[in-house]
Amino acid sequence: MKSIFQNDFDAVSRFDYKVFIKNFREICMNHNTKCYIGTEKSPCYRDKLKTYDGKDTKLGCLIEIPLADTRHDYVLTRGSHTHRQILNDIPYTKDIVQILTELNGFDFVIVCVYCENFTKVAYFNPADVMSGIKEQNIKVYDLFDYYYKPTLDNLDIVKNEDGESYTFNFKCEF
C-alpha cells in the first residue's frame, strides 16, 4: 500500500514536463527502432510479423499510460494562454503529436490512458496523426503541468474506521 501511494505521490509531486517528454520519446523511439532492427536472438518486429500467415497483417504500437486517479487538475498552456482544467486523460501536446508521427515503423498507434475507474483510448495513423487528432476531437497544447503538486508538508493521512485502509487528504489553500 505504501509503495503504491509513494509512486503516485512521486509521479505528481516530481513531475517535470521536459523529463516526461524525454522519457516518452526514448521509450517510443526504442520500440520504433525495433520494427526494423533486431538480432538473431531477438528478431525485429517486422521479421516476426512475416512468420504469421495473414497477408494483411498490420503492426501496431500500444502505448499504455496508467494514471493514479480518474481526474487530474492540470495547468495547460497553448501559445500565450495558460489555464487550469480538470481532465480524465493526459493532455496531448505538440511534442507528443510529433513523437506519434515519428513512430513510422508501425502501421497504427493506440494510446491507452487508464486507471481503476476508466479507460480512454485514442487511435492514430503515424502517417497522418493530425487527422486522428481532429476526428477524435483532441485538443493539442504546448505543454502541461499538474496544478497542485503535493508535498509531505501538506499531506494528512487518516486511518479509516475499518482499521485497515487509509484516506490521504491534501491540505490545499487556493
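Residues numbered from 1 in each chain as written. Predicted model: local features only at pLDDT ≥ 70, side-chain atom pairs only at ≥ 80, totals over all residues. Heavy atoms only, no water.

Caption draft 1: Seen up close, the sheet that holds strand 5 (residues 108-114). Here three strands make up an open sheet; going across it, the order is 1-5-6 and the pairing mixed. Strands at the two margins of the open sheet, each flanked by one partner only, are strand 1 (60-66) and strand 6 (119-124). Ignoring which end each strand starts from, the neighbouring axes of this sheet average 15° apart. Of the strand pairs in this sheet, strand 1 and strand 5 are connected by seven bridges, and their pairing is parallel. (Pairing = 2+ DSSP bridges. Helix = DSSP H or I, 4+ residues; strand = E, 2+ residues; numbered from the N terminus. Axes fitted to C-alpha atoms, helices over the stretch in contact; angles between N-to-C directions.)

Caption draft 2: Main features of the side chain of Asn-32. With respect to the element layout, Asn-32 can be found in helix 2 (residues 17-33). Within polar-contact distance, the side chain of Asn-32 engages the side chain of Asn-104 at 3.2 Å. A polar atom in the side chain of Asn-32 sits 2.8 Å from the backbone nitrogen of Gly-105. Excluding anything up to four places from it in sequence, Asn-32 contacts Glu-102, Leu-103, Asn-104, Gly-105 and Phe-106. (Polar contact = N/O pair within 3.5 Å; in protein donor to acceptor, adjacent residues only side chain to side chain. Contact = heavy atoms within 4.5 Å.)

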